[in-house]
Amino acid sequence: MKDLRDHPFIGDANPGTTSHGFIDGLRLGCSRRRDQLASLYGPFIHRIVRRVVRDREDAIEVTQTTLLKVLSRPRSFSLDGEPASFRRWITAVARTTAS
């Protein structure tokens, strides 16, 4: 079995509020914003996925799939004026993907 302790999704990152500029960058396909999404939200998504998927390697795959879904559909997220809404949207995508 691989040692997964140093995997980038296994960490303590906990994203706070997400700026409109960040979301706009994702929608425009900015590579810097895509990289930031993975580093900021990867560990957060992984924790959500691990509640459903018990196997670590499977959870990493589901986390990656979730990130790809978020990156492929940033326009499906609509800003409703609430700072935590992007995080809630990602949480919903992660839970659905993990189920």
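Quick caveat, the model's predicted, so the values are computed rather than measured.

Cut-off values and rules
- Residues numbered from 1 in each chain as written.
- Predicted model: local features only at pLDDT ≥ 70, side-chain atom pairs only at ≥ 80, totals over all residues.
- Heavy atoms only, no water.
- Axes fitted to C-alpha atoms, helices over the stretch in contact; angles between N-to-C directions.
- Helix = DSSP H or I, 4+ residues; strand = E, 2+ residues; numbered from the N terminus.
- Parallel < 35°, antiparallel > 145°, perpendicular 65-115°, else oblique.
- Left-handed = near helix turned anticlockwise from the far one by under 90°.
- Contact = heavy atoms within 4.5 Å.
- Nonpolar A, V, L, I, M, F, W, Y, C, P; charged D, E, K, R; others polar.
- Buried < 20%, exposed > 50% of the residue type's maximum accessible area, 1.4 Å probe, protein only.
- Phe/Tyr/Trp six-rings, centres within 6.5 Å; stacked < 30°, edge-to-face > 60°.
- Expected span 1.5 Å × (residues − 1).
- Bend = angle between axes of the 7 residues up to and from the residue.

Engineer: Mind showing me how you'd approach the packing of helix H2 (residues 31-50) against helix H3 (residues 56-72) here?
Structural biologist: Helices that pack against each other are described as a pair by the angle of their axes relative to one another and the distance between those axes. At a minimum axis distance of 9 Å, the contact between H2 and H3 shows a crossing angle of 135°. Overall, the two elements H2 and H3 adopt an arrangement that is oblique. The two elements H2 and H3 meet at a crossing, and its hand is right-handed. Seen from H2, the contacting residues are Arg 34, Leu 37, Ala 38, Gly 42, Ile 45, His 46, Val 49 and Arg 50; seen from H3, they are Arg 56, Ala 59, Ile 60, Val 62, Thr 63, Thr 66, Leu 67, Val 70 and Leu 71. Tallied by class, the residues present in the contact of H2 with H3 amount to 10 nonpolar, 4 polar and 3 charged.

Engineer: Please explain the environment of Arg 95 as it appears in this structure.
Structural biologist: You can see Arg 95 is positioned in helix H4 (residues 85-98). Given the relative accessible area of 47%, Arg 95 is considered partly exposed. With near-sequence residues (within four places) excluded, Arg 95 lies in contact with Ile 48 and Arg 51.

Engineer: Help me understand the packing of aromatic side chains in this model?
Structural biologist: Here the distance between the centres and the angle between the planes together describe a pair of aromatic rings. By the definition in use, this model includes 3 aromatic pairs. Aromatic pair Tyr 41 and Phe 44: ring centres 6.2 Å apart, planes at 75°, arrangement edge-to-face. In this pair, Tyr 41 and Phe 44 are both assigned in helix H2, 3 residues apart and thus about one turn of the helix distant. Each member of the pair, Tyr 41 as well as Phe 44, carries the same accessibility label: buried. Ring geometry for Tyr 41 and Phe 86: centres 5.5 Å apart, planes at 80°, overall edge-to-face. Remark: Phe 86 occurs in helix H4 and Tyr 41 occurs in helix H2; sequence separation between them is 45 residues. Judged by its relative accessible area of 1%, Tyr 41 falls in the buried class. Take Phe 86: its relative accessible area is 2%, and that puts it in the buried class.

Engineer: Explanation requested: H2 in the structure shown.
Structural biologist: Residues spaced three or four apart along an α-helix point in a common direction, a consequence of the helix completing one turn every 3.6 residues. Here H2 contains 20 residues, and its C-alpha end-to-end distance of 27 Å stays within 8% of the 28 Å for a straight helix at 1.5 Å per residue. Helix geometry: H2 is bent most strongly at Tyr 41, by close to 50°, with proline Pro 43 lying one to four residues after it. Leu 37, Tyr 41, Gly 42, Pro 43, Phe 44, Ile 45, His 46, Ile 48 and Val 49 are the residues of H2 that are buried. On its buried side, H2 packs onto helix H1 (20-27), H3 and H4.

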